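Spelled out from the first residue to the last, the chains are:
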Amino acid sequence: TTLESIAEGVITTDLDGNIRYINPEACNLLGRREEECRAKPLNEIFVTINETTRNPMMDQTRSCLKDGMVCVNLTNTLLKTSSKQLLAIQSSIAPIQVQSGEITGAVLVFRNVTESREMARRLEHQASHDSLTELLNRVEFESQLQNLVKNLVDGKQHALLYLDLDQFKIVNDTCGHFAGDTMLKQISALITNRVREADLVARLGGDEFAVLLPSCAIPQAIEIANSIRQLVSEYTFSWDSKLFKVGASI
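Residues numbered from 1 in each chain as written. Predicted model: local features only at pLDDT ≥ 70, side-chain atom pairs only at ≥ 80, totals over all residues. Heavy atoms only, no water.

### Considerations on the overall build of the chain
Summing up its helical and strand segments, the chain has 10 helices and 13 strands in all. A globule of 250 residues ought to have a C-alpha radius of gyration of about 18 Å, yet the chain, at 27 Å, is considerably larger. If you line up the chain on its principal axes, its C-alpha atoms span 80 × 50 × 25 Å. Across the 250 residues that make up the chain, the buried fraction comes to 37%. Within the chain, residue pairs in contact and separated by at least 24 positions form 55% of the contacts whose partners lie at least 6 positions apart. (Helix = DSSP H or I, 4+ residues; strand = E, 2+ residues; numbered from the N terminus. Rg over C-alpha atoms; globule rule 2.2 N^0.38 Å. Buried < 20%, exposed > 50% of the residue type's maximum accessible area, 1.4 Å probe, protein only. Contact = heavy atoms within 4.5 Å.)

### As for the nonpolar core
By size, the foremost hydrophobic cluster in this structure holds 30 residues, and its most contacted members are Leu 165, Met 183, Ile 187, Ile 191, Leu 213, Ile 228 and Phe 237. Elements with a contribution of two residues or more to this core: β8 (159-166), α8 (168-175), α9 (177-194), β10 (208-213), α10 (218-234) and β11 (236-239). In contact with Met 183, other than residues within four places in its own chain, are Leu 165, Phe 168, Val 171, Tyr 235, Phe 237 and Val 246. (Core = buried A, V, L, I, M, F, W, Y, C linked by side-chain atoms within 4.5 Å.)

### Here we look at the pairing of strand β9 (residues 200-205)
The sheet contact formed by β9 and β10 spans five bridges and is antiparallel. Each residue of the ladder has a partner; that of Val 201, found in β10, is Val 211. Once β9 ends, the chain turns through two residues before running back antiparallel as β10, passing Gly 206 with a positive phi of about 55 degrees. (Pairing = 2+ DSSP bridges.)

### Here's the deal with the sheet that holds β10
Backbone hydrogen bonds hold the strands of a sheet together, and the pairing may be parallel or antiparallel. Read from one edge of the open sheet, four strands run β9-β10-β8-β13, paired in antiparallel fashion. Edge positions in the sheet fall to β9 and β13 (247-249), since each has one partner strand and no second. The sheet shows a mean angle of 30 degrees between the axes of neighbouring strands, taken without regard to direction. In this fold helix α7 (residues 138-150) packs onto β8, β9 and β10, with an angle of close to 25 degrees to the strand it touches most, β10. Packing of α10 onto the sheet brings it into contact with β8, β10 and β13, and relative to β8 it is tilted by some 15 degrees. (Axes fitted to C-alpha atoms, helices over the stretch in contact; angles between N-to-C directions.)

### A word on the packing of α8 against α9
A pair of packed helices is characterised by two quantities: the angle between their axes and the separation of those axes. Orientation of α8 relative to α9, taken along the N-to-C sense of each, is 140 degrees, at an axis distance of 6 Å. Along the contact surface, α8 presents Phe 168, Val 171, Asn 172 and Cys 175, while α9 presents His 177, Ala 179, Gly 180, Met 183 and Leu 184. Classifying every residue of the contact of α8 with α9 gives six nonpolar, three polar and no charged. (Nonpolar A, V, L, I, M, F, W, Y, C, P; charged D, E, K, R; others polar.)

### Description of α7
With 13 residues, α7 should reach 18 Å at 1.5 Å per residue; the first-to-last C-alpha distance of 18 Å fits that figure. Where α7 starts, the residue carrying a side-chain oxygen 3.4 Å from the main-chain nitrogen of Val 139 turns out to be Asn 137. (Expected span 1.5 Å × (residues − 1). Polar contact = N/O pair within 3.5 Å; in protein donor to acceptor, adjacent residues only side chain to side chain.)

### Focus: the side chain of Arg 117
Topologically, Arg 117 is positioned in helix α6 (residues 114-128). Polar contacts involving the side chain of Arg 117 include one to the side chain of Glu 51, which spans 3.2 Å. Ignoring anything within four residues of it in the chain, the contact list for Arg 117 reads Glu 51, Leu 74, Thr 75, Asn 76, Thr 77, Ala 88, Ile 89 and Gln 90.

That's the geometry; what it means functionally is another story.
Here it is in structure tokens:
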């Protein structure tokens, strides 16, 4: 009765790894009926992949049944449902032993943590990104910069661009902060589209931005800086029929 009622999926297997019992929550998470799971090999029904690499995860049933190992997966595990949906899960598999110590099967317990993992991911993103522009924030940018400085390699050049907008205050004073915020988002997109894929762009605060260019020789960095400056100088911000030209000092 307990196994039928709990909010975790529970599956037990025999010594060959075939499913003996599956509770309703396991059926619900897998998107399968009990009758189509019973007596099937566990690794055919319970299919997981690594969230980061997207590669299939190793079947731990054999280790559990052969060596009596308890295997726990708390992170980076995605479960493939019958409808090809991917659920973030936490799971553990342990041997079932009788009093003599003989292993008679295994029990798998798993639960859906998709919502909590997504919440943790959002909180992590918010802690490292500027809420207005979605660029890196000052704290995260300084951390990335320190890492690069700590791991300097002889003969490799890196560059740091500090960018300050000109005439930004006029937009704020004339049209209000909402207009200023809109302009900052548009200029953030201009800068991001100009840099290389490996480069890091951050909003340091107000109208100040920074760009970290790893493995970038100085002439190339100057070329990138000039092209950003040119893009910003050619950009025209429109608000309530008013047009504004801004510049950038780098």
